[in-house]
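Coordinate inspection notes
Spelled out from the first residue to the last, the chains are:
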Amino acid sequence: MTDRRTPMARVLGYGSAKVGTEHWWTQRVSSVAILILGIWFLIGLAQLPGYDHANVTEWLGSPVSAVLMLLLVVSIARHSDLGIQVVIEDYVHQPLLKVVSVVVSRFLHVLVAAASVFALLGVAFR
Amino acid sequence: MNSRERPLSPHLSIYRWPITMTLSILHRVTGVALSIGFVLLAAWLLSAAAGADAHDRFAELMQSAGGRVVLTLLSLAFFYHLANGVRHLIWDLGYGFEIREANASSWVVIVSAILLTLLYWLAL
């Protein structure tokens, strides 16, 4: 059969779906990031001498913790956004409601991520 | 057009419930729970940035009986999602697709999730 696609379409190799493996691949990469950073976070949390403001901010405010925590929060937001998107796409069948739900979920994820980063910077540069 | 009774392909209710199905559903349920936990994590960070009063009120809430139940369940959800996530990554590498292997890894995930949660809280 004659391939009637343009050379560019052939190179991109997307077909009619318009997107490739980004969703799947980003979900895997963010999962590995959370696997490493999440374990670091839980161990650090468990090792705190106490859970009052002074102890917590001293830990979260140190340069290494602040950067790792920032990366963790962004990775979680990305992973959660992709995951919730799949759940919405599986259970919401009305096309408009589906798109609106996915967009609202994305906005909320960016909002929570931005608030977390803002809070972490506040603690670090207090 | 008359609608004759057509044979339907067998669906969920026809099969003996496989353990792998339970794990698949749990992976999604724990994932959604952890997304809500993410909001809780953000609230904690914001309280820490807001100051000692706000933070220590939040910490007190988390250390109450209800707070401890929520955190325990969230940690169980995290360790489950983590263990089953590793199982997914191993599948992605092309290993463990035989029924016997998938059933065995199911139990490894369940036991790991419970052990990791216990280990974490006893260490804490």
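To start, this report covers the structure provided alongside it. Each chain carries its own residue numbering, running from 1 in the written order of its sequence. Each chain gets a letter, beginning with A, and each ligand a number, beginning with 1, in the order they are written. Local features in this predicted model are restricted to residues whose pLDDT is 70 or higher, and side-chain atom pairs enter the listing and the counts only when it is 80 or higher, whereas totals over whole chains, interfaces and linings include all residues.

**Points about the overall build of chain B**
For clarity, the cut-off: By the criteria applied, helices consist of DSSP H or I runs no shorter than four residues and strands consist of E runs no shorter than two, each listed in order from the N terminus. As a reference, a globule follows 2.2 Å times the number of residues to the power 0.38, and the radius of gyration itself is taken over C-alpha atoms. Whether a residue is buried, exposed or partly exposed is read from the other C-beta atoms within 10 Å of its own C-beta, which are placed from the backbone; 20 or more gives buried, 12 or fewer gives exposed, and intermediate counts give partly exposed. Residues are treated as contacting if the C-beta atoms built from their backbones sit within 7 Å of each other.
The helix and strand inventory of chain B stands at 4 helices and 0 strands. Helices and strands in chain B line up, N terminus first, as α-α-α-α. Computed over C-alpha atoms, the radius of gyration of chain B comes to 21 Å, more than 25% over the 14 Å expected from 2.2 N^0.38 for 124 residues, which places it beyond the range of a compact globule. On the principal axes, the C-alpha backbone points of chain B span a range of 70 × 40 × 30 Å. Across the 124 residues that make up chain B, the buried fraction comes to 23%. Taking the contacts inside chain B whose residues are at least 6 apart along the sequence as the reference set, 71% of them involve residues at least 24 apart.

**Notes on the nonpolar core**
Note the following rule: By our criterion, buried Ala, Val, Leu, Ile, Met, Phe, Trp, Tyr and Cys residues that link up through C-beta atoms within 7 Å make up a nonpolar core.
Counting residues in hydrophobic clusters, the biggest one holds 32 residues, and the most contacted among them are Ala119(A), Leu45(B) and Ala48(B). Elements represented by at least two residues in this core include exactly helix H3 (53-61), helix H4 (63-91) and helix H5 (95-124) of chain A together with helix H1 (19-50), helix H2 (52-63), helix H3 (65-92) and helix H4 (99-123) of chain B. With 9 residues, H1(B) is the largest single contributor of residues to this core.

**Structural notes on the interface of chain B and chain A**
Inclusion rule: Only Asp, Glu, Lys and Arg are considered charged, only Ala, Val, Leu, Ile, Met, Phe, Trp, Tyr, Cys and Pro nonpolar, and every remaining residue, Gly among them, polar.
Contacts between the two partners involve 22 residues from chain B and, on the opposite side, 23 residues from chain A. At the level of secondary structure, the elements contributing two or more residues to the side of chain B that touches chain A comprise H1, H2, H3 and H4 of chain B. Among the elements that take part in the side of chain B that touches chain A, H1(B) stands out by supplying 11 residues, more than any other. Among the residues making up the side of chain B that touches chain A, the classes are represented as 15 nonpolar, 4 polar and 3 charged.

**Side note on the packing of H4(A) against H5(A)**
Residue and element names in this part refer to chain A. How we decide: Fitted lines through C-alpha atoms give the axes, limited to the stretch in contact for helices. The angle between two N-to-C directions lies from 0 to 180 degrees. In what follows, roughly perpendicular refers to angles from 65 to 115 degrees, roughly parallel to angles under 35, roughly antiparallel to angles over 145, and oblique to any angle outside these ranges.
Direction vectors running N to C along H4 and H5 enclose 170°, while the axes themselves pass 9 Å from each other. Relative to H5, H4 is oriented roughly antiparallel. In contact with Ala-66, Met-69, Leu-70, Val-73, Val-74, Ala-77, Ser-80, Asp-81, Ile-84, Gln-85, Ile-88 and Glu-89 of H4, H5 contributes Lys-98, Ser-101, Val-102, Ser-105, Arg-106, His-109, Val-112, Ala-113, Ser-116, Val-117, Leu-120 and Ala-124. Residues of the contact of H4 with H5, tallied by class, amount to 14 nonpolar, 6 polar and 4 charged.

**Re H2(B)**
Note the cut-off: Here the expected span of a helix is defined as 1.5 Å times the quantity of residues minus one. For this quantity, the arc is that covered by the directions from the helix axis to the C-beta atoms.
Compared with an ideal rise of 1.5 Å per residue, which puts 12 residues at 16 Å, H2(B) spans 16 Å between its outermost C-alpha atoms and is within 8% of the ideal. Taken together, the buried positions of H2(B) are His55(B), Phe58(B) and Ala59(B). The arc that holds every buried residue of H2(B), seen down its axis, measures 100°, which confines them to one face. Facing away from the buried side of H2(B) by over 90 degrees, the exposed positions are Asp53(B), Arg57(B) and Glu60(B). Buried residues along H2(B) sit against H3 of chain A together with H1 of chain B.

**Thoughts on H5(A)**
Owing to its 3.6 residues per turn, the α-helix aligns residues three or four sequence positions apart on the same side. A rise of 1.5 Å per residue sets the reference length of H5(A), with its 30 residues, at 44 Å; its end C-alpha atoms lie 44 Å apart and thus fit the reference within 8%. Buried positions along H5(A) lie against H3 and H4 of chain A together with H1 of chain B.

**Some points on the packing of H3(A) against H5(A)**
All names here are of chain A. In the contact formed by H3 and H5, the axes pass within 8 Å of each other and the chain directions differ by 100°. Of the possible angle classes, the one that applies to H3 and H5 is roughly perpendicular. Here H3 contributes Thr-57, Leu-60 and Gly-61 to the contact with H5, which in turn contributes Leu-120, Val-123 and Ala-124.

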